[in-house]
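Examining the three-dimensional arrangement
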Amino acid sequence: QVQLVESGGGLVQAGGSLRLSCAASGRTFSSYAMGWFRQAPGKEREFVVVISWRGDRKYYADSVKGRFSITRDNAKNTVDLQMNSLKPEDTAVYYCAAKIDTGSSYYASLRYDYWGQGTQVTVSS
């Protein structure tokens, strides 16, 4: 069992930065790939980024590539998402998610076993 708690959301102007954090409980955190998804009002939940259990593979959605950066610390059971050059279209609830790292199926939300409660990110124009 893994429990995830996100923090760090808020309101920021376009062009600004935010750093989201996800704290995980459970002794097997290092076995999980960790992803971030987001859901804007009236839209489906979409993949943002994922990091493999060792941190050696990272995959970003095209919409955030070059602006967002994901890191993890397996000793602290945390994964962070640094978001720079934020745009109004980045406004959404951001969710941290965990799945056993099988080396595949990183992009599909249905493949993730555990989810945080979400944190709101609002980017004003």
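Now for a look at the structure at hand.

Calculation rules
- Sequence order as written defines residue numbering, which begins from 1 separately in each chain.
- Given that this is a predicted model, residues contribute local features only at a pLDDT of at least 70 and side-chain atom pairs are listed and counted only at 80 or more, while totals for whole chains, interfaces and linings are drawn from all residues.
- Processing note: side-chain calculations cover all non-hydrogen atoms of the structure and skip hydrogens and water entirely.
- Think of a salt bridge as a Lys or Arg side-chain nitrogen and an Asp or Glu carboxyl oxygen that are within 4 Å of each other.
- Working definition: with a 1.4 Å probe on protein chains only, accessible area under 20% of the residue-type maximum means buried, over 50% means exposed, and in between means partly exposed.
- By the criteria applied, helices consist of DSSP H or I runs no shorter than four residues and strands consist of E runs no shorter than two, each listed in order from the N terminus.
- Any two strands with at least two DSSP-identified bridges between them are counted as paired.
- Helix axes are fitted only over the stretch in contact, all axes being lines through C-alpha atoms; the angle between N-to-C directions runs from 0 to 180 degrees.
- Pairs of residues are marked as contacts when any of their non-hydrogen atoms sit within 4.5 Å.
- Here, the term nonpolar core denotes a set of buried Ala, Val, Leu, Ile, Met, Phe, Trp, Tyr and Cys residues that are joined through side-chain atoms within 4.5 Å.

Turning next to the pattern of salt bridges. Considering all chains together, one arrives at eight salt bridges under this definition. In this structure, arginine 54 engages aspartate 56 in a salt bridge whose closest nitrogen and oxygen atoms are separated by 3.4 Å. Among the residues examined, arginine 54 registers a relative accessible area of 57% and is labelled exposed. Aspartate 90 serves as the salt-bridge partner of arginine 67, at 2.7 Å between the closest nitrogen and oxygen. Taken together, the residues span a long stretch of sequence, with arginine 67 in the loop between β6 (58-60) and β7 (68-73) and aspartate 90 in the loop between β8 (78-83) and β9 (92-100) at a distance of 23 residues. Given the relative accessible area of 11%, arginine 67 is considered buried.

Next up on the list: the sheet that holds strand β3 (residues 18-25). Ordered by their spatial adjacency, four strands build an open sheet running β1-β3-β8-β7, and the pairing between neighbours is antiparallel. Two strands in the sheet have a free side with no partner beyond their single neighbour: β1 (3-7) and β7. Neighbour to neighbour, the strand axes of the sheet diverge by 15 degrees on average, direction disregarded. Taken together, the six bridges between β7 and β8 define a ladder with antiparallel strand orientation. Looking at the pairing, arginine 72 lines up with valine 79 of β8.

Locating glycine 15 in the fold gives a position in the loop between β2 (10-13) and β3. Between the C-alpha atom of glycine 15 and that of tyrosine 114, which follows or precedes it by 99 residues, the distance is 31 Å. Beyond its immediate stretch of four places on either side in the chain, glycine 15 contacts Ser85 and Leu86.

Now for the nonpolar core. If you look at the biggest cluster of nonpolar residues, it comprises 38 residues, and the most contacted ones within it are Leu4, Met34, Trp36, Phe68, Leu81, Met83 and Tyr94. Those elements that place two or more of their residues in this core are β3, β4 (32-39), β5 (46-51), β7, β8, β9 and β11 (119-124). In this structure, leucine 4 is in contact with Cys22, Ala23, Ala24, Met34, Cys96, Ala97, Ala98, Tyr114, Trp115, Gly116 and Gln117, ignoring residues within four places of it in sequence.

On to unusual backbone geometry. A positive phi angle, close to 60 degrees, is found at asparagine 77, a residue other than glycine. Along the chain, asparagine 77 turns up in the loop between β7 and β8. Positive phi, close to 50 degrees, is recorded for serine 85, a residue that is not glycine. Tracing the backbone through its elements, the reader meets serine 85 in the loop between β8 and β9. Looking at serine 85, the relative accessible area reads 42%, which means it is partly exposed.

Okay, the pairing of β9 next. The buried fraction of β9 is high, at seven of nine residues. In terms of strand pairing, β4 meets β9 through eight bridges, oriented antiparallel. Directly across from phenylalanine 37, in β9, lies its bridge partner tyrosine 95. Strand direction decides the pairing type here: β9 and β11, joined by three bridges, are antiparallel. If you follow tyrosine 94 over to β11, its bridge partner there is threonine 119. The pairing of β9 with strand β10 (residues 114-115) spans two bridges and is classified as antiparallel. Within β10, the position partnered with alanine 97 by the bridge is tryptophan 115.

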